[in-house]
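Here is what each chain is made of, one letter per residue.
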Amino acid sequence: MHTFLIILAVIAFFMIVLEDVIHLNKAKTTLFLGTLSWLVLFLFPADDVTPKQIQGMLNENLLEIASLWLFLMAAMTFVAFLNHQGLIETMIYKFLPSKVGEKTLLFMVAIFAFAFSSLSDNITATLVSVALVLSLKLPPNKTLKFAVMVVFAVNSGGVSLITGDVTTLMIFLADKVAIQDLLWLALPSFVSVIFLAGLLSFGLKGELIIDGGERHYDRVGMSIAILFLFTILSTIVLNIIAGVPPVLTFLFGLSIMFLIGRFFHTADDRENMLDYIRVIEFDTLLFFLGILLLVGMLKEIGVLDHLVKIYEILPPIQANYVMGLLSSLVDNVPLTAALLKANLEMTPASWLSLTYGVGVGGSLLIIGSAAGIVAMSKIKEVTFISYMKYSFFLLLAYSLGFAGSFGVGTVLFN
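Rules used throughout
- Residues numbered from 1 in each chain as written.
- Predicted model: local features only at pLDDT ≥ 70, side-chain atom pairs only at ≥ 80, totals over all residues.
- Heavy atoms only, no water.
- Helix = DSSP H or I, 4+ residues; strand = E, 2+ residues; numbered from the N terminus.
- Buried < 20%, exposed > 50% of the residue type's maximum accessible area, 1.4 Å probe, protein only.
- Contact = heavy atoms within 4.5 Å.
- Areas by Shrake-Rupley, 256 points an atom, 1.4 Å probe, with all protein chains shown as cover.
- Axes fitted to C-alpha atoms, helices over the stretch in contact; angles between N-to-C directions.
- Parallel < 35°, antiparallel > 145°, perpendicular 65-115°, else oblique.
- Left-handed = near helix turned anticlockwise from the far one by under 90°.
- Nonpolar A, V, L, I, M, F, W, Y, C, P; charged D, E, K, R; others polar.
- Salt bridge = Lys/Arg side-chain N within 4 Å of Asp/Glu carboxyl O.

## A closer look at the overall build of the protein
And step 1. On a plain count of helices and strands, the protein comes out with 21 helices and 2 strands.
And step 2. Taken over the C-alpha atoms alone, the protein extends approximately 70 × 55 × 50 Å along its principal axes.
And step 3. Counting over 414 residues, the protein shows a buried share of 53%.
And step 4. If you take every contact in the protein between residues at least 6 apart in sequence, the share linking residues at least 24 apart comes to 80%.
And step 5. With an accessible surface of roughly 18600 Å², the protein has 68% of that area assigned to carbon and sulfur atoms.

Structure follows, in structure tokens:
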């Protein structure tokens, strides 16, 4: 029966990799196979395992999933409102000059994608950044450079805040790193982004006229934007001083958002604020649910013990670097979940380097991250082969950032 369950997990992995080939959403396949695997565990238990024990295993997994799922739901609802109201786009064009050089603009796009992805999920950050790139109407070769920059910057920006990358959130929720320590990852991440921007800027010589058009924002929108930033800051501060779980702070912030909508929207006919929950990326949330059920099943049957063999062969820092490279081929969510479930024993400094590795390593190939997949689907110039032209530059930037993450961990914990 264990063999059958492993086969289900392998099928799920190939379904994820081949999503764009078979045109079957990975959320559907992973949720089906994840729930099926637990049904099999209940219907055909091992000889020494009772249904009550399996129920306990499932409850433990569901508790972990619920904390992650509810946090992401709250954060994505905030971003869905701000994006739908055009506030994000308004702020972008507010700070862009009317006339700017291509080289300078590349750095500005990199910094924006980096900063915005630390506040929102990677999919939203990529969609907004890609929309900005497409509005510039650059030649194909330059559009490709900007797209490569966006993918790397989005993945880099997310690793230092639990609001920015789901793998960072997962590692934090497993009590492997503290929020205040994660914040230091922003330094090597930002340096690597600027380094890559410098490499990609060669050959960019033209000037662009930026037409932001007429844009506006209202009192309610700005109030919720400020509330969102305050919620993020409160999440960090309250966790540090009182150990308040991030999911509780974000759900509280979300409730205030709903109340603001109720009391300030009474004079007009705009939609109910609760409606924004319906427009978030639920397929992403269902994908995480299915994957974490599958990985939880693999842990319970003992398969994940084999994953840590690489840590017996290589020192943790080298193994973490390899895991980062592997995340360009394997979705980083199941990879991270598997490493956490395998109960690795590492120092906090090593966990910091792993956080950077699995968060940014997916940038090396266009199929290695959600940001890459979104960019490839929206920009025709971005293909698997065209993106690989910059793989060496990306590897250099990733290696620099990884070395910096190790350096930061060494300074913090030694």
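## As for helix α9 (residues 166-173)
And step 1. Summarising burial for α9: 7 of the 8 residues are buried, a large majority.
And step 2. Taken together, the buried positions of α9 are occupied by V166, T167, T168, L169, M170, I171 and F172.
And step 3. Within two residues after α9, D175 carries a phi angle of roughly 65 degrees, on the positive side.

## Section: the packing of helix α11 (residues 186-200) against helix α21 (residues 391-413)
And step 1. Viewed as axis vectors pointing N to C, α11 and α21 meet at an angle of 160 degrees, and their least axial separation amounts to 8 Å. By the criterion of interaxial angle, the relationship of α11 to α21 is roughly antiparallel. By crossing handedness, the relation of α11 to α21 is classed as right-handed. Here α11 contributes P188, V191, S192, F195, L196, L199 and L200 to the contact with α21, which in turn contributes F393, L394, L396, A397, L400, G401, G404, S405 and V408.
And step 2. Within the contact of α11 with α21, the residues separate by chemical class into 12 nonpolar, 4 polar and no charged.

## With respect to the side chain of S234
And step 1. Relative to the assigned elements, S234 resides in helix α12 (residues 219-242).
And step 2. Classification of S234 as buried rests on a relative accessible area of 14%.
And step 3. Once residues within four sequence positions are removed from consideration, S234 is found in contact with N239 and T249.

## Describing helix α17 (residues 332-341)
And step 1. Within α17, 10 of the 10 residues are buried, leaving the element largely enclosed by the surrounding structure.
And step 2. Looking only at α17, the buried set comprises N332, V333, P334, L335, T336, A337, A338, L339, L340 and K341.
And step 3. With its phi angle positive at about 60 degrees, N343 sits one or two positions after the end of α17.

## Some words on unusual backbone geometry
In terms of backbone geometry, most residues other than glycine have negative phi values and most peptide bonds are trans.
And step 1. Although it is not a glycine, D175 sits at a positive phi angle of roughly 65 degrees.
And step 2. Structurally, D175 can be placed in the loop between α9 and α10 (179-182).

## A few points about the pattern of salt bridges
And step 1. According to the stated counting rule, one finds 2 salt bridges in the structure shown.
And step 2. Measuring nitrogen to oxygen at the nearest pair gives 2.6 Å for the salt bridge that ties K341 to E64. In this pair, K341 is assigned in helix α17 and E64 in helix α4 (residues 51-84), connecting sequence segments 277 residues apart.
And step 3. The class of K341 is buried, set by a relative accessible area of 11%.

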